[in-house]
Amino acid sequence: MEWFILDGIGPFFRGLERRRINWSKIPFDHLENGGRLRRDLWPDIHREFDTVCARAAAMGYNAITLDDLAHLALHEAYPADLTAKLQAYHEEYRRLFDTARKHGLAVFITTDVMFYHPSIEKTVGRSPSSIAAFFRNQLAECFRDFPEVRGIIFRIGESDAQDVHGDFHSRLVLRSPRTAQRFIRELLPMFEEHDRLFIFRTWSVGAYRIGDLMWNRDTYHALFDPIDSDHFIISIKYGESDFFRYLPLNRQFFKGRHRKIVELQARREYEGMGEYPSYIGRDYERYRDLLRKAPNMAGMSVWCQTGGWSVFRRRTFLDPGSIWNEINTYVSIRLFRDEMSSDGALRRFFGRGLGEGPVHFAEGGPVDGVVVVLLLEGMEDRPERLLRGDVVEAADLLLPQRQAGDDVGAVGVVDLLAPL
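Residues numbered from 1 in each chain as written. Predicted model: local features only at pLDDT ≥ 70, side-chain atom pairs only at ≥ 80, totals over all residues. Heavy atoms only, no water.

Some remarks on the nonpolar core
Grouped burial of nonpolar side chains is what soluble globular proteins tend to show.
Logical step 1: In terms of nonpolar packing, the biggest core is built from 109 residues, with V113, M114, F135, F154, F183 and F198 touching the most fellow members.
Logical step 2: Once residues within four sequence positions are removed from consideration, F198 is found in contact with I152, F154, F183, I184, L187, L188, F191, H231, F232 and I233. (Core = buried A, V, L, I, M, F, W, Y, C linked by side-chain atoms within 4.5 Å. Buried < 20%, exposed > 50% of the residue type's maximum accessible area, 1.4 Å probe, protein only. Contact = heavy atoms within 4.5 Å.)

Next up, the structure:
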């Protein structure tokens with residue numbers, strides 16, 4: 001595998017006071033006030049983005065994703081105030097890209113197909129050919145102005161929810177394998193010319209004839225078989241649905257000759273959003289072992305913050321108590337990059353066990369007052385042996401620990417090297 005990608009959107013949610021947060025993309029309207037950027041937010045955003053990049057690089061990730069193409073290219077039809085605002089965004093993005101480069105991280109930019117502004121509605125419309133022409137212009141400008149951008153990640157199967165506010169709002173426009181294939185083939189020459197990567201996500205909410213792309217082999221082959229380019233990568237979630245647990249590995253990984261990326265989620269949107277332990281290491285270890293037989297695996301993409309709606313607001317690497325997300329983020333790359341076992345990755349994560357002072361991660365910073373609970377196989381039916389410092393099931397944190405007589409959230413971190 002060549003690419004180990006992590007999302008970097010956490011810093012942009014700093015100070016967001018909405019009760020229920022949509023974590024699907026950067027909340028751009030939160031970054032603005034009166035039609036202009038809130039400059040008061042950006043010093044902290046840059047500082048926290050530096051933290052995220054430093055932690056990602058220390059773990060071994062070599063790329064980071066940011067939203068989105070709409071904010072990185074201008075258009076002649078945009079009104080003057082929008083053009084001025086986007087130019088201000090460009091200044092801030094250049095600093096973000098410099099930070100990523102400082103830490104040795106490539107940058108990938110996300111985009112929906114298609115994002116709209118009223119001026120785009122009038123000049124571009126919904127014709128697939130005019131949409132492709134619009135994207136060619138946007139990509140040409142982005143690649144020219146931001147040489148740090150290594151590639152673009154396209155989402156064609158889900159659009160912005162109604163609670164996404166700001167200048168741009170996306171809608172689904174590629175409704176069949178034929179139109180999606182034509183879109184890809186019209187844009188690929190630009191990626192080849194500029195030596196950038198075209199990453200195409202198969203994720204879909206099921207809409208239209210292309211809605212079964214993530215699981216229907218006929219749709220998959222009809223779309224991708226004619227595509228032939230070293231600059232093209234297909235990105236697939238590990239299961240044939242959303243990031244649910246216990247799904248069989250998606251069989252699309254074994255179809256076709258194209259390079260592929262597996263999408264993983266560390267901040268589990270259906271399992272507490274990092275509020276409680278939801279360890280995914282052993283599931284991902286099984287996927288990793290199966291993917292060894294898949295042809296042309298190009299890498300992995302881990303979501304440590306992105307995805308879902310929630311009132312919970314812990315930000316990975318940035319807020320106290322984000323350890324549950326960080327464990328999954330760390331173990332994922334140890335599994336896929338270093339071929340470690342799940343338990344071996346956990347032992348590496350914790351540099352030391354119980355003792356005086358805060359616990360230090362092997363490749364991270366200090367964390368104090370945390371209870372870490374992770375299961376060794378065969379301990380499920382022996383709660384009487386679960387003492388402070390033992391290793392127990394993440395999903396069974398509360399019951400075994402209470403049986404062991406400890407207050408939840410009270411003591412230190414387990415010593416994973418100690419025998420049970």
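Next comes the rest of the account.
Points about the packing of aromatic side chains
Logical step 1: The full count for this structure, using the stated rule, is 31 aromatic pairs.
Logical step 2: The ring of F254 has R251 sitting right over it, with the charged end atom 4.4 Å from the ring centre.
Logical step 3: A cation over a ring is seen here: R334 above Y330, with NZ or CZ 4.9 Å from the ring centre. (Phe/Tyr/Trp six-rings, centres within 6.5 Å; stacked < 30°, edge-to-face > 60°. Lys NZ or Arg CZ within 6 Å of the ring centre and 35° of its normal.)

Side note on helix 7 (residues 281–291)
Residues three or four positions apart in an α-helix share a direction because the helix packs 3.6 residues into each turn.
Logical step 1: Counting buried positions over the 11 residues of helix 7 gives 8, a clear majority of the element.
Logical step 2: Within the span of helix 7, buried status applies to G281, R282, D283, Y284, E285, Y287, R288 and L291.
Logical step 3: Elements that come into contact with the buried residues of helix 7 comprise strand 12 (259–265), strand 13 (297–303), helix 8 (323–338) and helix 9 (342–349). (Helix = DSSP H or I, 4+ residues; strand = E, 2+ residues; numbered from the N terminus.)

Quick notes on the environment of D167
Logical step 1: Along the polypeptide, D167 turns up in the loop between strand 8 (149–155) and strand 9 (169–170).
Logical step 2: Those residues in contact with D167, other than ones at most four positions away along the chain, are E32, L82, K85, Y116 and H117.
Logical step 3: Side chain to side chain, D167 and K85 meet in a polar contact 2.7 Å long. (Polar contact = N/O pair within 3.5 Å; in protein donor to acceptor, adjacent residues only side chain to side chain.)

A word on the environment of E121
Logical step 1: Relative to the helices and strands, E121 resides in helix 3 (residues 118–123).
Logical step 2: If we ignore the near neighbours within four places in the chain, the residues touching E121 are Y116 and R171.

Quick notes on the pairing of strand 10 (residues 197–201)
Logical step 1: Of all 5 residues in strand 10, 5 are buried, a share of seventy percent or more.
Logical step 2: Relative to strand 10, strand 8 is paired through 4 bridges, and the arrangement is parallel. Looking at strand 10, one finds that I152 is bridged to F198.
Logical step 3: Two elements, strand 10 and strand 11 (residues 232–237), share 4 bridges in a ladder whose sense is parallel. Its bridge partner lying in strand 11, R201 is registered against S235.
Logical step 4: Following the chain from strand 10 across helix 6 (residues 217–224) to the adjacent parallel strand 11, one finds a crossover that is right-handed. (Pairing = 2+ DSSP bridges. Right-handed = clockwise from strand over helix to strand, strands pointing away.)

With respect to the pattern of salt bridges
Logical step 1: Applying the stated criterion to the full structure yields 39 salt bridges.
Logical step 2: Across the pair E271 and R245 runs a salt bridge, and its minimum N-O distance is 2.7 Å. Placement of E271 in the loop between strand 12 and helix 7 and of R245 in the loop between strand 11 and strand 12 is noted, with a sequence separation of 26 residues between them.
Logical step 3: Its salt-bridge partner being D283, residue R245 comes within 3.2 Å of it at the nearest N-O pair. Of this pair, R245 sits in the loop between strand 11 and strand 12 while D283 is found in helix 7, placing the two residues 38 residues apart along the sequence.
Logical step 4: Within this structure, R14, D44, R47, E48, R315 and D319 form a network of salt bridges that share partners. (Salt bridge = Lys/Arg side-chain N within 4 Å of Asp/Glu carboxyl O.)

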